[in-house]
Amino acid sequence: MKWLGFGLLFSVLQTLAQEVDWFTFYEKSGYLETPRYIETIDYCRRLADASPWIEYTSFGISPQGRELPLLIADKNSHFNPKEVRKSGNIILLVQACIHPGESDGKDAGLMFFRDMAINKKLAGLLDHVTILFIPIFNVDGHERFSHYNRINQNGPEEIGWRTTAQNLNLNRDYLKADSPEMKAWLDLFQQWLPDFFVDIHVTDGADYQYVMTYDVETSGNMDVALTEWTKKSFIPAFEEGMDKSGYLAFPYVAFRKWHDPRSGIIDNAGSPRFSQGYTAVQNRIGLLIENHMLKNYKTRVSGSYEALKIICDILNRNYIEVKRMNLLADQAVANPEFREQEFPVDFKTTNDSIMVEFRGLEYEVVKSDLTGGDWFKYSNIPKTFLIPYFNSHKPKVTVKLPEAYIIPPEWKDVIERLAWHGISYSVLKDDATIRIQSYKFTDIKWSKSSYEGRLSVQVKPVIIDDVRSFPAGSAIIDMNQRTARVIAYLLEPSSPDSYVYWGFFNAIFEQKEYFETYVMEEMARKMIEENPELKAEFDQKKATDPDFARSQWDMLNWFYSKTPYWDQKLNMYPVGRIVDRTELEQLLK
């Protein structure tokens with residue numbers, strides 16, 4: 001009996017020692033700290049070494065030379081896309097630390113992987129789900145470690161910086177893909193084409209009771225069937241699960257008047273510059289998790305951990321249906337019938353609203369004697385507000401999509417990005433003159449400063465019919481493919497994230513040939529003499545535009561624009577829209 005008691009005690013002590021050995025850096029710190037890059041990678045490697053269900057790899061290199069880490073969990077030890085698809089599993093991609101100061105997802109994910117594959121407490125969540133986990137996406141920003149990187153946030157004690165070493169915000173880069181990190185992410189996404197995506201953040205903003213807010217695209221910018229399943233099945237199950245776990249969740253909080261709950265909450269469609277907006281146009285559901293910055297770190301990490309459990313449980317129960325919907329969404333977008341209706345490239349939130357209960361905190365608004373602005377003072381007293389929720393959307397801009405787009409070879413920077421997004425294209429073998437539609441741009445408005453490393457531009461596109469010559473090497477992008485939504489958002493200038501907006505075509509707005517004023521003074525008089533109506537048009541322009549009327553150069557340049565010497569390509573979109581399927585097929589022969 002003594003030996004049995006000793007043996008039992010030894011077994012218990014051994015088990016405890018093993019559990020302690022698998023405590024994460026975060027747990028060992030008393031739930032107050034998050035590990036640095038090296039410590040994170042070491043733990044990931046230990047997980048992979050200890051379990052046949054886990055593989056550690058990397059999917060790219062940062063500008064400062066760090067590996068972009070990736071953990072893969074699969075119960076059958078399938079660690080490549082082909083094997084996983086053959087097994088029938090659903091593929092879940094989870095990422096953390098796209099903003100390294102928001103490290104909740106990293107620490108939650110490491111514990112989650114341990115509890116699935118090491119101590120097997122959550123082993124059942126891998127029955128029909130294969131998980132890809134990026135513990136740190138912005139690895140260089142992560143190592144800009146400091147106590148002072150998030151002024152609004154309650155822990156951990158030290159964290160990384162928001163942007164990359166190149167000072168780019170990765171969660172504005174999904175469509176333009178300027179950063180090496182995003183190029184690597186897009187390559188990973190295309191290799192695996194995950195069925196569901198989760199991006200874990202920490203939000204700034206007002207104070208309230210919720211541990212977590214979330215955003216998922218239900219505004220009309222995703223496939224209809226996926227949208228309906230998200231609204232009717234996923235969201236109710238997710239909210240119920242979070243409520244039962246004790247971590248309240250609510251849709252992403254953006255007040256109509258910043259900080260002021262009584263003003264109501266507004267829900268905007270996610271642009272594809274953001275993660276969940278990007279996956280939506282790739283025909284995949286993306287869930288943005290925004291933990292509340294004023295909750296303590298342990299609460300936020302625990303909420304993220306519970307969210308991962310709930311998401312995996314929902315996907316395990318619905319894996320066949322979600323995979324089927326994704327396949328049908330890909331097929332529908334690639335079908336010519338998809339282009340029979342006007343396609344929305346931008347949305348606006350309407351004035352329609354519903355009343356919802358919002359679990360906030362009592363607050364008062366006082367006038368600051370320092371700044372004169374409104375100072376919101378939140379208390380610790382819970383209060384439920386009945387407020388309007390503006391979650392109705394309608395298209396702001398629609399376009400009739402063509403059969404294909406054609407991009408001249410000199411715009412290599414645009415063409416090379418097509419493959420990064422999984423877009424297939426053909427290369428024109430010989431010079432060709434074809435009938436196309438394109439755009440001429442007016443009302444050109446430049447941003448006042450650089451944004452994400454680019455000088456953006458907003459334009460009014462006027463569609464034109466044209467016969468245009470394209471050289472050999474031009475890229476022909478047939479719209480009969482699963483990435484048709486992505487193509488439209490890239491190449492339609494009215495899209496809020498088009499490559500026109502992001503400045504890829506800025507040179508087309510620059511006048512390159514000029515005149516001498518003494519030459520144009522004489523020529524302008526001769527033009528008026530030959531065309532008296534031109535004088536009336538000129539006088540009208542001066543009367544309605546005082547700046548124009550004060551500038552000799554602008555007035556003479558106006559006359560210059562009416563001459564045959566004017567650059568006919570100025571403000572003209574070099575990308576063509578092929579609207580005739582027969583003509584497209586001739587080009588592709």
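Throughout, a residue's number is its position along its own chain's written sequence, starting from 1. This being a predicted model, a pLDDT of at least 70 is required before a residue's local features are given, and a value of 80 or more before pairs of side-chain atoms are given or counted; all residues contribute to the totals for chains, interfaces and linings. The side-chain quantities take in all heavy atoms of the structure and omit both hydrogens and water.

Chemist: What's the story with the sheet that holds strand E9 (residues 285-292) in this structure? I'm lost.
Modeler: Strand pairs in the sheet, formed through backbone hydrogen bonds, run parallel or antiparallel to each other. Pairing between strands is defined by DSSP: at least two bridges between them are needed. Comment: elements are numbered from the N terminus, with helices defined as DSSP H or I runs of at least four residues and strands as E runs of at least two. The sheet built from eight strands is open, its strands ordered E1-E2-E4-E3-E5-E9-E6-E7 with mixed pairing. Looking along the sheet, the strands with just one partner apiece sit at the ends: strand E1 (54-61) and strand E7 (249-251). Across this sheet, the average inter-strand angle for adjacent strands is 25°, counted without regard to direction. Residues count as neighbours in contact if any of their non-hydrogen atoms are within 4.5 Å of one another. For helices, the fitted axis covers only the stretch in contact; all axes are lines through C-alpha atoms, and the angles between them, taken along N-to-C directions, range from 0 to 180 degrees. Of the strands in this sheet, strand E5 (196-203), strand E6 (212-216), E7 and E9 touch helix H8 (residues 224-245), which is tilted by about 170° from E6. The strands touched by helix H10 (residues 297-334) are strand E3 (90-95), strand E4 (129-134), E5, E6 and E9; relative to E3, the strand with the most contacts, the crossing angle is about 160°.

Chemist: I tried to follow the sheet that holds strand E11 (residues 354-367) on my own but got confused; where do I start?
Modeler: Here three strands make up an open sheet; going across it, the order is E8-E12-E11 and the pairing mixed. The two strands at the open ends of the sheet, each matched to only one other strand, are strand E8 (265-266) and E11. Where E11 lies against strand E12 (residues 374-390), 13 bridges are found, and the strand directions are antiparallel. Looking at E12, one finds that Glu364 is bridged to Lys377.

Chemist: What exactly am I supposed to notice about the packing of aromatic side chains here?
Modeler: Think of a pair of aromatic rings as described by two things: how far the centres are apart, and how the planes are tilted against each other in angle. Two aromatic rings from Phe, Tyr or Trp, using only the six-membered ring of Trp, form a pair when their centres are within 6.5 Å; if the ring planes differ by under 30 degrees the pair is stacked, by over 60 it is edge-to-face, and anything between is tilted. Under the counting rule described, the total for this entry stands at 44 aromatic pairs. Judged by centre distance (5.6 Å) and plane angle (85°), the ring pair of Phe255 and Phe358 falls under edge-to-face. Here Phe358 lies in strand E11 and Phe255 lies in the loop between E7 and E8, a separation of 103 residues in the sequence. Across the pair, Phe358 and Phe255 agree in class, each one buried. Counting every residue linked through ring pairs, the aromatic cluster contains Trp411, Tyr439, Phe441, Trp446, Phe505, Phe509 and Tyr573. By definition, being over a ring means that NZ of Lys or CZ of Arg is both within 6 Å of the ring centre and within 35 degrees of the ring normal. We note Lys120 situated over the ring of Trp53; from NZ or CZ to the ring centre the distance is 4.4 Å. A cation over a ring is seen here: Arg256 above Phe390, with NZ or CZ 3.8 Å from the ring centre. With a 1.4 Å probe rolled over the protein chains alone, any residue whose accessible area is under 20% of its type maximum counts as buried; one over 50% counts as exposed, and the rest are partly exposed.

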